[in-house]
Amino acid sequence: GAGVSQSPSNKVTEKGKDVELRCDPISGHTALYWYRQRLGQGLEFLIYFQGNSAPDKSGLPSDRFSAERTGESVSTLTIQRTQQEDSAVYLCASSSTSGANTGELFFGEGSRLTVL
Amino acid sequence: GDSVTQMEGPVTLSEEAFLTINCTYTATGYPSLFWYVQYPGEGLQLLLKATKADDKGSNKGFEATYRKETTSFHLEKGSVQVSDSAVYFCALRGGYANAGKSTFGDGTTLTVKP
């Protein structure tokens, strides 16, 4: 596709349920990021994939959060036993450069998660 | 680690006023610097960027100059419009030592009133 695609665009779930969010990066982009944005807040870094390197998971807020990426393609962010404080927009971004100084991030439209 | 500090908001201006949003950074090596914008109800998109010291990025009347001596990348616009109302994020992308990871500031909300 032409841009970063995220699904679902909206997800409403009950507290305690697991959710999976999907990100399709731009083809050929080696770097992929997940961010969380709570209402009216800034971007909270969650996880960063760069090529075949071990992902940087330093931003994951708890062990209920995990993410996978197969090669340089699709990534899924999984939140287990969701809590109300997980309600936010989850943004995915990808970038074409690897280990260089330049690299614009291309963002998806986000997945809005509401935990009731 | 790398960090980006942005001027706290929200910022409210009248149309045609001069805008400055301050951004300073801490990073090892020689990062690239970016301003991203998030218009109401839309996704984040790149506004402008600069990849080395003294470079000036510009787009849509906005400008920012990469100042290595002051580790700053302040966003400016001479005459804002209502359509500039948005959230602005300053960001850097670290060089080889940081494996190219991007770091964002907290964002500054700009409201322009007619």
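Shown above is the structure to which this text applies.
Please read all numbers here as calculations on a predicted model, not as lab measurements.

### Regarding the packing of aromatic side chains
Residues and elements named next belong to chain B. Enumeration according to the criterion identifies 12 aromatic pairs over all chains in this entry. Between Tyr25 and Tyr66, the ring centres sit 6.1 Å apart and the planes meet at 80 degrees, which makes this aromatic pair edge-to-face. Remark: Tyr66 occurs in the loop between strand E8 (62-65) and strand E9 (75-77) and Tyr25 occurs in strand E4 (residues 23-26); sequence separation between them is 41 residues. Residues Tyr25 and Tyr66 agree in their burial class; the two are buried.

### Quick notes on the layout of surface pockets
Space inside the largest pocket adds up to approximately 680 Å³. In terms of lining residues, the largest pocket is bounded by 32 residues, among which A:Gln37, A:Leu39, A:Gly40, A:Arg112 and B:Gln38 are the most central. The set of elements that each furnish at least two residues to the lining of the largest pocket consists of strand E8 (88-95) and strand E10 (111-115) of chain A together with strand E10 (86-93) and strand E12 (108-113) of chain B. In terms of residues, the lining of the largest pocket owes the most to one element, E8(A), which gives three residues. In terms of residue class, the lining of the largest pocket is made up of nine nonpolar, 17 polar and six charged.

### So, the interface of chain A and chain B
Between chain A and chain B, the contact holds 23 residues from the first and 22 residues from the second. Both sides of the chain A and chain B interface together cover about 1800 Å² of buried area, and 49% of this is carbon and sulfur. Run the count over chain A and chain B and you get zero salt bridges. Counting across the chain A and chain B interface gives four residue pairs in polar contact (both at pLDDT 80 or more). Where the side of chain A that touches chain B is concerned, the elements lending two or more residues are strand E4 (31-37), strand E5 (44-50) and E8 of chain A. Sort the elements by how many residues they give to the side of chain A that touches chain B and E4(A) lands first, with four residues. Tallied by class, residues from the side of chain A that touches chain B come to 10 nonpolar, 10 polar and three charged.

Criteria and cut-off values
Residues numbered from 1 in each chain as written. Chains lettered and ligands numbered in written order. Predicted model: local features only at pLDDT ≥ 70, side-chain atom pairs only at ≥ 80, totals over all residues. Heavy atoms only, no water. Phe/Tyr/Trp six-rings, centres within 6.5 Å; stacked < 30°, edge-to-face > 60°. Helix = DSSP H or I, 4+ residues; strand = E, 2+ residues; numbered from the N terminus. Buried < 20%, exposed > 50% of the residue type's maximum accessible area, 1.4 Å probe, protein only. 1 Å grid on protein atoms, 1.4 Å probe; cavity = no way out; pocket = protein on both sides within 12 Å on 5 of 7 lines; lining within 4 Å. Points joined across faces, edges and corners; volume = space filled by probe spheres on them. Nonpolar A, V, L, I, M, F, W, Y, C, P; charged D, E, K, R; others polar. Contact = heavy atoms within 4.5 Å. Buried area = accessible area lost by both parts, 1.4 Å probe. Salt bridge = Lys/Arg side-chain N within 4 Å of Asp/Glu carboxyl O. Polar contact = N/O pair within 3.5 Å; in protein donor to acceptor, adjacent residues only side chain to side chain.

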